[in-house]
Amino acid sequence: MTQSSSRKPAILVVDDDATLNQLMSSHLRRAGYEVENASRWSEAQSLLGRLEPDLVLLDAKLPDADGLAMLPSLVETCPVIMLTAFGSIDLAVQAIKRGAVDFLAKPVNPDVLDLAVKRAISASSMRRRYDYYRRQATSALDKTLVGLSPAMARLRKMIGIVGPSDTTVLILGESGVGKELVAAAVHQASARADQNYVAIDCATLQQNLFESELFGHERGAFTGADRRKEGLIEVGEGGTAFLDEIGEMSGSLQAKLLRVLETGHYRRLGGTKDLVSNVRFVAATNRDLRAMCGKGEFREDLYYRLSAFVLHVPPLRERLEDIPLLAEHFLAARDFARHARKRWSPAALEALMDYAWPGNVRELRNIVERAALVSGESDEIRVAHLGDFQRRPPPGRQYAFSFDHPPTLDEITETYLARLLAERSRSRAEIAQTLGISERNLYRLINARRRDG
Ligand SMILES: Nc1ncnc2c1ncn2[C@@H]1O[C@H](COP(=O)(O)OP(=O)(O)OP(=O)(O)O)[C@@H](O)[C@H]1O
Ligand SMILES: [Mg+2]
């Protein structure tokens, strides 16, 4: 079996004019593209789901949909060239306005088609690379690790030490402390800094997709795998792969990851040949992996591999002196686009420092952004603008409840739920995770509460 590293770009041609569709498709196939066709929008939709095309050629008028109306959502996922009837310049202009990269008047001239497709595809492959950075790349300001406290100074020093080596790094810390920023900083401090940095969230990806996401798959590896796909390990070749929320990884994947870490070898899904990885792994979690090992929820051997070098990111309550800097930083990041600068009143900053921040830097950021909004036209953010955020909850977040009678299970549920919902830093998804139930069931509980209360 030959392994070529570059796959053919895939194009989906959607046009109900069967002759034209055939002509364009066979022309594009000859030009070296992988081509699929659809004659209706419904058909196109199901193909889109599994094909992830690099480009769609879309007829403006389909039997079951208005191509123009479908554009805005379609261009979110891939570039689109609109096919319009000859002479309908108005339609073409509409298409471009709605995000099409180009338009072609029918009947399509093959040379014009070649050129338009080439241009659109090269833009598309650039965009794909950028997708991997999307989570990081909001703005330069957003990547800075702010903080001058001794705890942060120690952390920076450790990043400086471990960064340049190829050692696997495990980043531990509570939710919202900045683990993702630390991971990016490790990459920045390494000799791989100008290579790819790929981030993968082990918590949100579906298990079955995850394996192919990480290791890639061969054509035909499973239903719908109609072309080879590179995994993140391959995309991150020479660079860094960040495995976020590693505690959520399934047992079978843990085993496969362990193999990569130990031997550097891995296989694409459905592949028969070992590939060699040269990627540096950085992992993060807010869970207690050691305790998970004790309960058999995480492989001990993987834990030891990962924890070759551990970076602990301290909770915000242990570096309260960083709060004014962070508060300034978040305000500046927000005001950057507005060319206006707000100031903190000393009392407001003091109030911020007088709180234990169970949601850490993320919670602080949310409060800052809300306060900036609430303060409206005012140049200064004052205590009143902070709203009623809880000051000084019990340190270390205790969850003790007392009842003046032996409580029923429902009463305990209700009290605990109310408490979690009152912690504004938590999303519903996080609460569901804390409770160990699905989000659906959480909403059911919340609704039951509303009905009863
Ligand atoms: N030291 C810091 N300087 C500037 N921004 C920070 C810092 N620490 C965290 N942030 C910001 O706070 C937010 C939360 O950080 P991040 O997403 O890295 O948390 P996390 O540790 O990964 O949390 P979780 O475990 O919930 O995923 C982000 O918006 C991040 O940019
Ligand atoms: Mg995170």
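Rules and cut-offs
Residues numbered from 1 in each chain as written. Chains lettered and ligands numbered in written order. Predicted model: local features only at pLDDT ≥ 70, side-chain atom pairs only at ≥ 80, totals over all residues. Heavy atoms only, no water. Buried < 20%, exposed > 50% of the residue type's maximum accessible area, 1.4 Å probe, protein only. Helix = DSSP H or I, 4+ residues; strand = E, 2+ residues; numbered from the N terminus. Pairing = 2+ DSSP bridges. Contact = heavy atoms within 4.5 Å. Axes fitted to C-alpha atoms, helices over the stretch in contact; angles between N-to-C directions. UniProt positions renumbered as here; feature names shortened; annotations may be inferred. Patch = residues over 30% accessible without salt bridge, like charges linked within 9 Å, V, L, I, M, F, W, Y side chains within 5 Å. Areas by Shrake-Rupley, 256 points an atom, 1.4 Å probe, with all protein chains shown as cover. Salt bridge = Lys/Arg side-chain N within 4 Å of Asp/Glu carboxyl O. Lys, Arg positive; Asp, Glu negative; His and termini not counted. Charge placed at Lys NZ, Arg CZ, Asp CG, Glu CD. Near = heavy atom within 4 Å. Polar contact = N/O pair within 3.5 Å; in protein donor to acceptor, adjacent residues only side chain to side chain. Nonpolar A, V, L, I, M, F, W, Y, C, P; charged D, E, K, R; others polar. Domains from an automatic or database assignment. Phe/Tyr/Trp six-rings, centres within 6.5 Å; stacked < 30°, edge-to-face > 60°.

This part covers the pairing of strand β15 (residues 280-285). Most of β15 sits inside the fold, with six of its six residues counted as buried. Alternating positions in β15 separate into two faces, Arg280, Val282 and Ala284 on one and Phe281, Ala283 and Thr285 on the other, with burial throughout. Across four bridges, the pairing between strand β12 (residues 240-244) and β15 is parallel. The residue of β15 that forms the bridge with leucine 243 is alanine 283.

Along the chain, leucine 148 turns up in the loop between α5 (110-133) and α6 (150-162). Accessibility expressed as a relative area gives 67% for leucine 148, which makes it exposed. Remark: the alpha-carbon pair of leucine 148 and leucine 326, spanning 178 residues in sequence, is separated by 10.0 Å. Once you skip the residues sitting within four places of it in the chain, leucine 148 turns out to touch Asp322 and Leu325.

Let's shift gears to the sheet that holds strand β6 (residues 80-85). Strand order in the open sheet formed by five strands is β2-β1-β3-β6-β7, and the pairing between neighbours is parallel. Across the chains shown, the open sheet's two edge strands, defined by having one partner strand only, are β2 (34-38) and β7 (102-106). Strand after strand, the sheet turns through a mean of 20° between neighbouring axes, direction not considered. Bridge count for strand β1 (residues 10-14) against β2 is five bridges, and the pairing is parallel. Considered in β2, the bridge of valine 13 is made with asparagine 37. Sheet strands touched by helix α1 (residues 18-30): β1, β2, β3 (55-59), β6 and β7. Its angle to β2, the strand with the most contacts, is close to 170°.

Let us now look at the pairing of β3. Along β3, five of the five residues are buried, which leaves the element largely enclosed by surrounding structure. Side chains of β3 alternate between two faces, with Leu55, Leu57 and Asp59 and Val56 and Leu58 buried alike. Taken together, the four bridges between β1 and β3 define a ladder with parallel strand orientation. Residue pairing across strands places leucine 12 opposite valine 56, the latter belonging to β3. As judged from the four bridges shared by β3 and β6, these two strands associate in the parallel manner. If you follow aspartate 59 over to β6, its bridge partner there is leucine 83.

A separate point is the UniProt feature "modified residue: 4-aspartylphosphate" (unreviewed entry) in the protein chain. Residues annotated in UniProt with the feature "modified residue: 4-aspartylphosphate" (unreviewed entry) correspond here to Asp59. With respect to the element layout, aspartate 59 can be found in strand β3. If sequence neighbours within four positions are ignored, aspartate 59 has contacts with Val14, Asp15, Asp16, Gly67, Met82, Leu83 and Lys106.

Turning next to a negative patch on the surface. Where like charges cluster on the molecular surface, the negative patch consists of Asp16, Asp17, Glu43 and Asp64. The residue aspartate 16 is located in the loop between β1 and α1 in this model.

Right, let's get into the site of ligand 1. Near ligand 1 you find 20 residues, and of these Val146, Ser175, Gly176, Lys179 and Arg365 are the closest. Between ligand 1 and asparagine 286 there is a distance of 3.1 Å, counted from an oxygen atom to a side-chain nitrogen or oxygen. When ligand 1 is considered free in solution it has 640 Å² of accessible area, and contact with the protein chains removes 91% of it. Mapped onto the shell around ligand 1, the elements with two or more residues apiece are α7 (179-188), α13 (323-335) and α15 (360-374). Looking at the shell around ligand 1 residue by residue, the classes come out as eight nonpolar, six polar and six charged. Among the domains, domain 2 (140-314) and domain 3 (317-386) are the pair contributing at least three residues each to the shell around ligand 1.

Below, the discussion takes up the packing of aromatic side chains. Geometry of an aromatic ring pair is reported as the spacing of the ring centres plus the angle between the planes. Within this structure, the stated rule accounts for four aromatic pairs. When the centroid spacing of 6.4 Å and the interplanar angle of 15° are considered together, the rings of tyrosine 197 and phenylalanine 242 count as stacked. In this pair, tyrosine 197 is assigned in strand β9 (residues 197-201) and phenylalanine 242 in strand β12, connecting sequence segments 45 residues apart. In this structure phenylalanine 242 comes out as buried when scored by relative accessible area, which is 0%.

Let's shift gears to the pattern of salt bridges. This structure, assessed with the given rule, holds 19 salt bridges. Two residues, aspartate 274 and arginine 259, come together in a salt bridge whose shortest N-O distance is 2.8 Å. One end of the pair, aspartate 274, is in the loop between β13 (265-266) and β14 (275-276); the other, arginine 259, is in helix α10 (residues 251-263), with 15 residues separating them in the sequence. Here glutamate 369 makes a salt bridge to arginine 365, at a shortest N to O gap of 3.3 Å. Of this pair, glutamate 369 and arginine 365 both sit in helix α15, four residues apart, roughly one helical turn. In this structure, a network of salt bridges that share partners links the residues Glu218, Arg228, Glu234 and Arg268.

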